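Examining the three-dimensional arrangement
Residue strings, one per chain:
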Amino acid sequence: MNAPVNTSVDALRRRAADVAATVALRLADPGALVARDVSAFRAASLSDGAPGVALLHAELAHTDPAHRAAAHRWLRHGAALAGRAASPGPQGLYGPVAALSFALHRAAEGPGARSTARTRLGDRVAEIARTRAEREERRLREGLGCTAFTAYDVISGQAGLGAHLLELGGPAEAAVARLVGALTSLARPVRVDGLLLPGWWVALDGDSYRPVDPARGHANLGMAHGLPGPLALLALAWRQGVRVPGQRAAITGFADWLLARRRTDTAGPWWPGQLTAGPAQSRPGRPSWCYGTPGIARALQLAGLALGVPRWQEAGVGALRAALTRAASAEAEPPAEAGLCHGLAGLLQITWRVARDSGDAELAGHLPGLAARLLDLVDEDRPFGFADAPGERPPEEHPGGFLTGAAGAALALHTFATDTAPATRWDRALLLA
């Protein structure tokens, strides 16, 4: 019985590799972005722009050096865009400066490679992080109210910036320590208008993200904008030897806070996307990286690995098993999409990482099915090889991009195809590794 199964998985891996290569071929020319009517900021971002596509080519270059030239074409294009990209808000990992630095770091030929551009960009990212940490320190010192996503999250805040700065060493080390200290301070509740609120509580409406009174705000539980991002970053920093006073207590407090808010259905544990003063979420949402159980599961596992706490690791594995059981059921919703953010590619990459670090055979057994479902979304008639995501999409989302588009889906398929940790560790942009 094993031979046909193995043959089937081998064939699936070969198809996944072919699709990843085909997507890269369709994204070989930066002209794919030039024709789009979007801002230079968005076109230079990690989510939808040139740096994210460069990541695909940089990763594939480790098995096929022909992709290296394409990676550098995209990086040059990204640098030109970043030079004229006016920032619409705080610069985080997904903004042009850090995104270009992140991608350039991965496209370097060898771990010892250095360049003036890499050094200069790394210094700018460190300065952005120091400025962000200073603002948070002042907010707490002067009692200026709630924090904001742009202060702490993965996309625009300190968790994402820290993910990259941890890799840079040298002059970045002081900035990393200060940033880790600022994220640790999220463990301190804040008192606003007589209310004692979690340190990561935001005065934003949970649906529209428009500013509201603090009492009508929310505590976000998603990996993209919520507590799991800082938890994952603090755990990764701890494992890399970056440790500040209060960090262990913050990791412990964040992990236990998440575990205390688990809910359970017939499949097992799950988490809502956010907590508010209003009606509670009644059922699990989409199993995804950005919101929902899978991202939380990986953050808990990383915390458990960092501090050597088996129950956190087991909780993460058990919750991901339950999420995959739901995803495979006939009642699974909403319609599937390919991308990393809220699609099958993100679920595939998380499952690969959690399965690899836990050795859990049940999770590993889900990988071929997830890859097959992602491959079912391949549409050769579409410009970048995947069917359009369902529903109305923001016009600035690039269908070939990293976070919600084909480049990210191809990267996850490449991980499955090789069954090897990404050579570039591109999924650090998702705080998965």
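Residues numbered from 1 in each chain as written. Predicted model: local features only at pLDDT ≥ 70, side-chain atom pairs only at ≥ 80, totals over all residues. Heavy atoms only, no water.

A count of helices and strands for the protein chain gives 17 helices and six strands. Here the C-alpha radius of gyration of the protein chain, 20 Å, is about what a compact globule of 433 residues would show, namely 22 Å. Overall size of the protein chain, expressed as C-alpha extent along the three principal axes, is 60 × 55 × 40 Å. Relative to its 433 residues, the protein chain shows a buried fraction of 56%. For the protein chain, contacts bridging at least 24 residues in sequence account for 70% of all contacts bridging at least 6. Summed over all atoms, the accessible surface of the protein chain reaches about 17,400 Å², with 52% contributed by carbon and sulfur. Both charge centroids of the protein chain, one from 45 positive and one from 40 negative side chains, sit 6 Å from each other. (Helix = DSSP H or I, 4+ residues; strand = E, 2+ residues; numbered from the N terminus. Rg over C-alpha atoms; globule rule 2.2 N^0.38 Å. Buried < 20%, exposed > 50% of the residue type's maximum accessible area, 1.4 Å probe, protein only. Contact = heavy atoms within 4.5 Å. Areas by Shrake-Rupley, 256 points an atom, 1.4 Å probe, with all protein chains shown as cover. Lys, Arg positive; Asp, Glu negative; His and termini not counted. Charge placed at Lys NZ, Arg CZ, Asp CG, Glu CD.)

Okay, the side chain of Gln 247 next. You can see Gln 247 is positioned in helix H12 (residues 247-260). At 3.0 Å, the side chain of Gln 247 forms a polar contact with the backbone oxygen of Leu 234. In terms of polar contacts, Gln 247 uses its side chain to reach the backbone carbonyl oxygen of Val 242, at 3.2 Å. (Polar contact = N/O pair within 3.5 Å; in protein donor to acceptor, adjacent residues only side chain to side chain.)

Looking now at helix H11 (residues 228-239). Since one α-helical turn is 3.6 residues long, residues separated by three or four positions face the same way. Its 12 residues place the ends of H11 16 Å apart at the C-alpha level, agreeing with the 16 Å of an ideal helix rising 1.5 Å per residue. Buried residues dominate H11, accounting for 11 of its 12 residues. For H11, the complete set of buried residues consists of Pro 228, Gly 229, Pro 230, Leu 231, Ala 232, Leu 233, Leu 234, Ala 235, Leu 236, Ala 237 and Trp 238. Residue Gly 241 follows H11 closely and has a positive phi angle near 85 degrees. (Expected span 1.5 Å × (residues − 1).)

Its location among the elements puts Glu 59 in helix H4 (residues 50-60). Excluding its chain neighbours within four sequence positions, the residues that come into contact with Glu 59 are Leu 411, His 414, Pro 422, Ala 423, Thr 424, Arg 425 and Trp 426.

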